[in-house]
Amino acid sequence: MSDALFEYLCRMGDNTLVLGHRISEWCGVAPVLEEDIALANTALDLIGQTQLWLGLAGEVEGKGRDADQLAFHRDVWDFRNLLLVEQPNGDFGRTMMRQFLFDGWHLAQLKGLMTSSNDQIAAIAEKSVKEVTYHLERATDTVIGLGDGTEESHKRMQDALDRLYPFVGEMFIADAVDQAMVSDGIAPDPSTLRPDYDAMLDAVLAEATLQKPTDDFAHKGGKSGARHTEHLGHMLTQMQWLQRAYPDATW
Amino acid sequence: MYAQMIKSTGEGVKSLDDMEPEERAFQERINAGGKIEPKDWMPEGYRKNLIRQIGQHAHSEIVGQLPEGNWITRAPTLERKAILLAKVQDEAGHGLYLYCAAETLGVTRDQMTRDLLSGKMKYSSIFNYPTLTWADMGAVGWLVDGAAIMNQVPLQRTSYGPYARAMVRICKEESFHQRQGFDIMMKMAKGTEAQRKMAQDALNRFWYPSLMMFGPSDAESVHSAQSMAWKIKMNSNDELRQKFVDQTAPQAEYLGLTVPDENLKFNEETGHYEFSEPDWDEFFDVLKGNGPCNTERLEARNRAWDEGRWVREGLLAHAEKKRKTAIAAE
């Protein structure tokens, strides 16, 4: 039981860690100053959530690992984030499309967690929902604005959607860990979140004048850790470098 | 101090008797500690001088994100990463208030941005130095933000209302940044041998560039004299530099680090530290564009602006479509 819970908490924490890191790569080079501020703010929220999720994961594991040890001292195969969030930023449009696709799932997931049988999880979810509601609102506005903007912005957003859509399915595929969470009343079954997500996606994409790809093929292997993309390893070499190079130091 | 070598009228300070009634009333209001607001009459020289100064400060906040952004993705703990993100976010926010303050003087943010990107407007020399180790994040907070605060605290009393009010908010956040920087230095200076070495190396590299932030001595400068008469500059460069050294030297000692100046010593009689001047040739080289990172910094800003064009155009086009639909619906 606690193994599955540990896995589940790592999934939540690794999603926010990896996406928070990706967004932080935008520091100082966003298309407009307001976006620099908003991206830093989103990254900050996600890193804050990571501290809570991975902190709790460490407690549940009971081997004395804290959030930093989990973040900076695991290798690729121990990461449990969705493949979607480790995808490189690409242009600003792709970054915001990735954010929108993730936020829609993330918010639904967190709302489900607010009634979790585990009080600590419910408390983290309650705090995070406020932040993620705003992330989704902003990402939605940007996807609509750029989708239904100029010919160029429309094309870039359609390219972003086509490129990232194959990573959507993984968010909703339930596995043994999810089933264990459902049977303990800890977390919602991700597959039940799909119909509302699809309805939300359809409405936003229609307003953005974007076409949802017809092929529902889904890459998977991120949340199980079975097969990440090549991108994650490069990200970890940068993110974990100081901790790995000076393991005896405190910072 | 994020504004350096700001030109004023270059004509010297007029006496009250030489002023026309309007200008005399303006100067008397400043002398009495009053504030000038955007719609008030002001001399053209005052307006231009302020645009240069506030603009340079705003640009420094924006470019200043880059040397720190260089370490956000390598921050050693989640806590440090969050603090650095919050700091960079504050800086972008400072840029925003300052551009807004400058806009009240009749210049647009886009125009100022174009002048930054073309190299016509400057940003502080300090951001043309590289951040090479994690200790540099400590040194930047401790020394660079520390130097900036020296100038910004008195500017809360500057004569131009929007600038003074922006500075009040900025100062609160900057002093927090400085404490965070010092905290990083503490950890490093009291840490392992490698960390101590990084801390000392950061101090060695940032000490003189920090002293340069105040600009060369301006005791004889007609530009500074005018700015001071207008209360858009509150202290001389030398005064602020001395205050900075007086504050920082004991902190370095507390950290167990050595300031890279063999002439640094406390003078019991004056109650101040004596110290060596930085290499002003290097300072002028950096201003001319020959600092270690000038090329990269401007290149990064230009690339961000160019690559972001489609985003700005797309969002504007969408807003325009919505506006038209709203009008049609009325």
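In what follows, the structure referred to is the one given above.
About the thresholds
- Residues numbered from 1 in each chain as written.
- Chains lettered and ligands numbered in written order.
- Predicted model: local features only at pLDDT ≥ 70, side-chain atom pairs only at ≥ 80, totals over all residues.
- Heavy atoms only, no water.
- Helix = DSSP H or I, 4+ residues; strand = E, 2+ residues; numbered from the N terminus.
- Rg over C-alpha atoms; globule rule 2.2 N^0.38 Å.
- Buried < 20%, exposed > 50% of the residue type's maximum accessible area, 1.4 Å probe, protein only.
- Contact = heavy atoms within 4.5 Å.
- Areas by Shrake-Rupley, 256 points an atom, 1.4 Å probe, with all protein chains shown as cover.
- Lys, Arg positive; Asp, Glu negative; His and termini not counted.
- Charge placed at Lys NZ, Arg CZ, Asp CG, Glu CD.
- Phe/Tyr/Trp six-rings, centres within 6.5 Å; stacked < 30°, edge-to-face > 60°.

Caption draft 1: Representation of the overall build of chain B. Within chain B, the secondary structure is distributed over 13 helices and two strands. Taken over the C-alpha trace, chain B has a radius of gyration of 21 Å; the compact-globule value for 330 residues is 20 Å, and the two agree within 12%. Its C-alpha atoms put chain B at 70 × 55 × 35 Å along the principal axes. With 330 residues in all, chain B has 56% of them scored as buried. A separation of at least 24 residues holds for 79% of the contacts in chain B among residues at least 6 apart in sequence. For chain B, the computed accessible surface area is about 14400 Å², with 52% contributed by carbon and sulfur atoms. Charge-centre separation for chain B: the mean point of 42 positive side chains lies 7 Å from the mean point of 48 negative side chains.

Caption draft 2: Representation of the side chain of Glu 174 of chain B. Among the structural elements, Glu 174 of chain B can be located in helix 7 (residues 161-189). If sequence neighbours within four positions are ignored, Glu 174 of chain B has contacts with Tyr 2, Glu 61, His 94, Asp 145, Ile 149 and Gln 152 of chain B.

Caption draft 3: Region of the structure containing the packing of aromatic side chains. The final tally for this structure, using the stated rule, is 19 aromatic pairs over all chains. On the numbers, 5.5 Å between centres and 50° between planes, the contact of Phe 214 of chain B with Phe 244 of chain B is tilted. Separated by 30 residues along the polypeptide, Phe 214 of chain B in the loop between helix 8 (193-212) and helix 9 (222-229) and Phe 244 of chain B in helix 10 (residues 237-255) bring together distant segments of the chain. For Phe 244 of chain B, a relative accessible area of 0% puts it in the buried group. One aromatic cluster in this structure is built from Trp 241, Tyr 246 and Trp 251 of chain A together with Trp 71 and Trp 134 of chain B.

Caption draft 4: Geometry of helix 5 (residues 109-117) of chain B. Among the residues of helix 5 of chain B, those classed as buried are Arg 109, Met 112, Thr 113, Asp 115, Leu 116 and Leu 117 of chain B. In the core, the buried residues of helix 5 of chain B are packed alongside helix 2 (33-61) of chain A together with helix 2 (44-63), helix 4 (78-103) and helix 12 (294-307) of chain B. Just downstream of helix 5 of chain B lies Gly 119 of chain B, where phi reads positive at about 90°.

Caption draft 5: Main features of the environment of Val 63 of chain B. Here Val 63 of chain B is to be found in helix 2. Aside from chain neighbours lying at most four places away, what touches Val 63 of chain B is Leu 116, Tyr 123, Phe 127, Arg 297 and Arg 301 of chain B.

Caption draft 6: Spatial organisation of the environment of Ala 92 of chain B. Here Ala 92 of chain B lies in helix 4. The exposure class assigned to Ala 92 of chain B is buried, which follows from its relative accessible area of 0%. When neighbours within four sequence positions are excluded, Ala 92 of chain B is seen to be in contact with Leu 33, Asp 36 and Ile 37 of chain A together with Gln 65 of chain B.

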